[in-house]
Amino acid sequence: MHEVLDRLAVEPRDPASSTEPIAGAELRRIDTDPAKDTGDRITLLYRVHPPETDAPGRVEVIFILSGP
């Protein structure tokens, strides 16, 4: 999980992520690498907020799913 969040802090439009079809917002989805012990992955659905004149861009995590 930390690795994915670290990557998103550097580049919120990570090539490993995919866009989700919704009008009016940029939603993206990205998966972690499989866990070494269980093979489970964690999926994040997040929204990219571009930089504004007085604030840097940001990522808003909408939900986190865990499972095989």
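Presented here is an overview of the structure given in this document. This is a predicted model, so every value here is computed, not measured.

Definitions and cut-offs
- Residues numbered from 1 in each chain as written.
- Predicted model: local features only at pLDDT ≥ 70, side-chain atom pairs only at ≥ 80, totals over all residues.
- Heavy atoms only, no water.
- Patch = residues over 30% accessible without salt bridge, like charges linked within 9 Å, V, L, I, M, F, W, Y side chains within 5 Å.
- Areas by Shrake-Rupley, 256 points an atom, 1.4 Å probe, with all protein chains shown as cover.
- Salt bridge = Lys/Arg side-chain N within 4 Å of Asp/Glu carboxyl O.
- Helix = DSSP H or I, 4+ residues; strand = E, 2+ residues; numbered from the N terminus.
- Buried < 20%, exposed > 50% of the residue type's maximum accessible area, 1.4 Å probe, protein only.
- Contact = heavy atoms within 4.5 Å.
- Core = buried A, V, L, I, M, F, W, Y, C linked by side-chain atoms within 4.5 Å.

**Topic: a nonpolar patch on the surface**
- On the surface, a cluster of nonpolar side chains totalling about 360 Å² of accessible area is made up of Met1, Leu5, Val59, Val61 and Ile64.
- A per-element tally of the nonpolar patch places strand β4 (residues 58–67) first, with 3 residues.
- Inspection of the secondary structure assignment puts Ile64 in strand β4.
- Note on Ile64: relative accessible area 49%, which makes it partly exposed.

**As for the side chain of Thr32**
- In this fold, Thr32 is placed in the loop between β2 (27–31) and β3 (41–49).
- In contact with Thr32, other than residues within four places in its own chain, are Met1, Val4, Arg41 and Ile42.

**Quick word on the nonpolar core**
- Core analysis: the largest hydrophobic core is formed by 6 residues, namely Val4, Leu8, Ile30, Leu44, Tyr46 and Val48.
- Looking at this core, the elements that each hand over two or more residues are α1 (2–10) and β3.
- The dominant element in this core, judged by the number of residues it contributes, is β3, at 3 residues.
- Excluding residues that lie within four positions of it along the chain, Ile30 makes contacts with Val4, Arg7, Leu8, Asp14, Ala16, Ser17, Ile42, Thr43, Leu44 and Tyr46.

**Topic: the pattern of salt bridges**
- Scanning the model with the defined rule gives 4 salt bridges in all.
- The salt bridge partner of Arg7 is Asp14, with a shortest N-O separation of 3.0 Å.
- Exposure remark for Arg7: the relative accessible area of 31% places this residue in the partly exposed category.
- You can call Asp14 buried: its relative accessible area is 9%.
- Note that Arg28 is salt-bridged to Glu26, the shortest N-O span being 3.6 Å.
- By relative accessible area, Glu26 is classed as partly exposed at 25%.
- Taken together, the shared-partner salt bridges connect Arg13, Glu26 and Arg28 into one network.

**Quick word on the environment of Asp37**
- By the secondary structure assignment, Asp37 is in the loop between β2 and β3.
- On the basis of relative accessible area, Asp37 is assigned to the exposed category, the value being 69%.
- Placed 32 residues apart in sequence, Asp37 and Leu5 show a C-alpha to C-alpha distance of 21 Å.

Shape is all these values report; function is a separate question.
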